[in-house]
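Architecture at a glance
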Amino acid sequence: MVRNSAISLGVVGLALAVAACKPEQVASKPDPVVRVTTAFSAPDAEVRSYTGVVRPRTEISQAFRVGGRVVERLVDIGDTVKQGQVLARLDPTDFALSVESAEAELTAARSALVLANAEEGRFEELLKGGHTSQASYDARKVALDEASARVDRDERALDLARNQLAYAVLTSNVDGVVTSATVEAGQVVGQGQEIVKVAKQAEPAQAAGGTAAGGPKGAEKEVLVAIPESRLDDLDRSAATVTLWADGGRKYAATVREIAPQADPATRTYAVRFSLPDADDAVRLGMTATLALASGSDQPVVRLPLSAVFSAGEGAGVYVVKRDPEETGHGVLAFQPVEIVRYGSTEAVVTGVPHGAAVVAMGARRLENGERVRFEASAQSAPQPDAAAAATPGLASRS
């Protein structure tokens, strides 16, 4: 009996000892570590940028209609010219000699016509009196017609020679600005060879009491860009704006004026010209410009990784981490319902997430609403002000 009592007391003591040691041996469960992304709210617009060059809408090559040696060029690149203004001159010596030769030929032809006319009159009188034959009179009549035709021919030759002399002076056929000059004085040029190129001045258009785009004294300006064939549809549904590399702080409205009917065989892109109706003197020909095509709406949305959005049976949502103000690097999960705008290949566009909220980027299905979590070091930084910054997906893990 005494032995059994001793055994019972030993078992009870062992149980009490084990019970006393249990709280010290079992460690508390640590908070899971999560990686979050900052939600940036921005208008639901897609912007694509292309590099282009400012070009004149109409650029006309000015060339002599005859060949010869250039004796002077009167304009330089950048000069403003008026219609009819002299641009360059050829040596007129040969053309003047041609005029003199044509004048001499015409004088001789007119003298021959006077003689032929007189003979035809005499033979007509002789024929009436029966003193000559009809054949002789017909010969004089043919000679008169031939002399008259020769006078007409020489008059045309003289007009042509005078035109050739006039063509030795090159005048501008439009108002505009000289954009290139490829020939210098003393150079021999051929017929139709480009001497200078003139960007045509914008036509004045009275609209609300104003003048035409580009100003009354400047060339009408456009931006020439190369658009890939896969992006041609963007031209119909996008708003276009242009900024200059020289002054990126100012934007100019742009409209599509011309799309090349055929792609460039080397780059497989299409040349597209955009008019700049509000271009001013700050927009210079040849400047490099950036064309932005913006499509979408002004609705504010948030772009998140696909792995951040999940459904727990109550609709789509995300886990937003509410930071613990008393303990740095810790927070509590809160389920935030969202509305899906669309899914992309790597991201989900949603609404309903507050701007600047810390959202669990990946592994949200493994977590629970109201669960306490710890931040990774990279997740404790303040939200960036750039609403277009891309979210960085991460991984939720338990340690």
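Residues numbered from 1 in each chain as written. Predicted model: local features only at pLDDT ≥ 70, side-chain atom pairs only at ≥ 80, totals over all residues. Heavy atoms only, no water.

Quick look at the sheet that holds strand β10 (residues 188-189)
Formally: Any two strands with at least two DSSP-identified bridges between them are counted as paired. Where helices and strands are cited, they refer to DSSP runs of H or I of at least four residues and of E of at least two residues respectively, numbered from the N terminus.
The sheet built from four strands is open, its strands ordered β8-β7-β5-β10 with antiparallel pairing. The open sheet is flanked by β8 (169-171) and β10, the only strands paired with a single partner. Alignment of strand β5 (residues 68-73) against β10, held across two bridges, turns out to be antiparallel. If you follow arginine 69 over to β10, its bridge partner there is valine 188.

Regarding the confidence of the model for the protein chain
The cut-off we apply is this: Residue-level confidence of the predictor is what pLDDT reports, using numbers from 0 through 100. Residue contacts are counted whenever heavy atoms from the two residues lie within 4.5 Å of one another.
Confidence in the prediction for the protein chain averages 83 pLDDT; 83% of positions are at 70 or higher. Here residues 206-216 is a poorly scored stretch, pLDDT under 50, and it has 14 contacts once near neighbours within four places are set aside; other chains count. Taken together, the stretch residues 377-399 has pLDDT below 50 and engages in 49 contacts with residues farther than four places along the chain or on a different chain.

Focus on the sheet that holds strand β9 (residues 176-181)
The strands making up a sheet are joined through hydrogen bonds of the backbone, oriented either antiparallel or parallel. Spatially, four strands are ordered β4-β11-β9-β6 in an open sheet, and the strand pairing comes out antiparallel. Of all strands in the sheet, those with a lone pairing partner are β4 (59-63) and β6 (80-81), marking the two edges.

Looking at the nonpolar core
As a rule of thumb, soluble globular proteins bury nonpolar side chains together. This is how it is decided: Here, the term nonpolar core denotes a set of buried Ala, Val, Leu, Ile, Met, Phe, Trp, Tyr and Cys residues that are joined through side-chain atoms within 4.5 Å. Categorising residues by exposure relies on relative accessible area from a 1.4 Å probe, with only protein chains included: less than 20% of the type maximum marks a residue as buried, more than 50% marks it as exposed, and the intermediate range marks it as partly exposed.
If you look at the biggest cluster of nonpolar residues, it comprises 20 residues, and the most contacted ones within it are Phe274, Leu276 and Leu291. Residues Ala168, Leu170, Val183 and Val196 belong to the second largest nonpolar core, which totals 18 residues.

Focus on helix α3 (residues 134-167)
The α-helix winds at 3.6 residues per turn, so residues separated by three or four positions along the chain end up facing the same way. Heads up, the rule is: Helix span is expected to be 1.5 Å times the residue number reduced by one.
An ideal rise of 1.5 Å per residue puts 50 Å on 34 residues; α3 measures up with 50 Å between its terminal C-alpha atoms. Taken as a whole, α3 has its buried residues at Tyr137, Leu144, Ala147, Val151, Asp154, Leu158 and Ala161. In the core, the buried residues of α3 are packed alongside α2 (93-129).

Quick notes on α2
Compared with an ideal rise of 1.5 Å per residue, which puts 37 residues at 54 Å, α2 spans 55 Å between its outermost C-alpha atoms and is within 8% of the ideal. Within α2, the full set of buried residues consists of Phe95, Val99, Ala102, Leu106, Ala109, Ala116, Glu120 and Phe123. Of the residues one or two after α2, glycine 130 is the one with positive phi, at around 80°.

Some points on the pattern of salt bridges
Applicable threshold: What makes a salt bridge here is a side-chain nitrogen of Lys or Arg within 4 Å of a carboxyl oxygen of Asp or Glu, nothing more.
The full count for this structure, using the stated rule, is 24 salt bridges. Between glutamate 155 and arginine 110 there is a salt bridge whose closest N-O contact spans 3.3 Å. Residue glutamate 155 is located in helix α3, and its partner arginine 110 is located in helix α2; the two are separated by 45 residues in the primary sequence. Arginine 156 serves as the salt-bridge partner of glutamate 155, at 3.8 Å between the closest nitrogen and oxygen.

Some points on the packing of aromatic side chains
We count it as follows: Between rings of Phe, Tyr and Trp, where Trp is taken as its six-membered ring, a pair exists when centres lie within 6.5 Å; planes separated by under 30 degrees are stacked, by over 60 edge-to-face, and by other angles tilted.
The tally for this structure, following the rule as stated, stands at three aromatic pairs. With a centroid separation of 5.7 Å and an interplanar angle of 70°, the aromatic rings of phenylalanine 310 and phenylalanine 335 are classed as edge-to-face. With phenylalanine 310 in strand β17 (residues 310-311) and phenylalanine 335 in strand β19 (residues 330-337), this pair connects stretches of sequence that are 25 residues apart. On the basis of relative accessible area, phenylalanine 310 is assigned to the buried category, the value being 6%. Relative to phenylalanine 335, the ring of tyrosine 319 has its centre 6.2 Å away and its plane inclined at 80°; by these criteria the two rings are edge-to-face. Here the residue tyrosine 319 occupies a position in strand β18 (residues 316-323), and phenylalanine 335 occupies one in strand β19, the gap between them amounting to 16 residues. A relative accessible area of 21% places phenylalanine 335 in the partly exposed class. A connected cluster of aromatic rings, assembled from ring pairs, spans Phe310, Tyr319 and Phe335.

Details of the packing of α2 against α3
Keep this limit in mind: To obtain an axis, a line is fitted to C-alpha atoms, over the contacting stretch when the element is a helix, and the angle between two such axes runs from 0 to 180 degrees between their N-to-C directions. The cut-offs work like this: below 35 degrees is roughly parallel, past 145 is roughly antiparallel, 65 to 115 is roughly perpendicular, and the gaps in between are oblique. Left-handed describes a crossing whose near helix is turned anticlockwise from the far helix through less than a right angle; right-handed describes the clockwise counterpart. Just so you know the grouping, Ala, Val, Leu, Ile, Met, Phe, Trp, Tyr, Cys and Pro go in nonpolar, Asp, Glu, Lys and Arg go in charged, and all remaining residues, Gly too, go in polar.
Following both chains from N to C, one finds α2 and α3 inclined at 160°, their axes separated by 8 Å at the closest point. With respect to α3, the axis of α2 lies roughly antiparallel. Viewed along their axes, α2 and α3 form a crossing whose handedness is left-handed. A class-by-class count of the residues in the contact of α2 with α3 yields 20 nonpolar, six polar and twelve charged.

Topic: unusual backbone geometry
You will see that arginine 268, though not glycine, has its phi angle at about 55°, which is positive. You can see arginine 268 is positioned in the loop between β14 (251-259) and β15 (269-275). On the accessibility criterion, arginine 268 (44% relative accessible area) is partly exposed.

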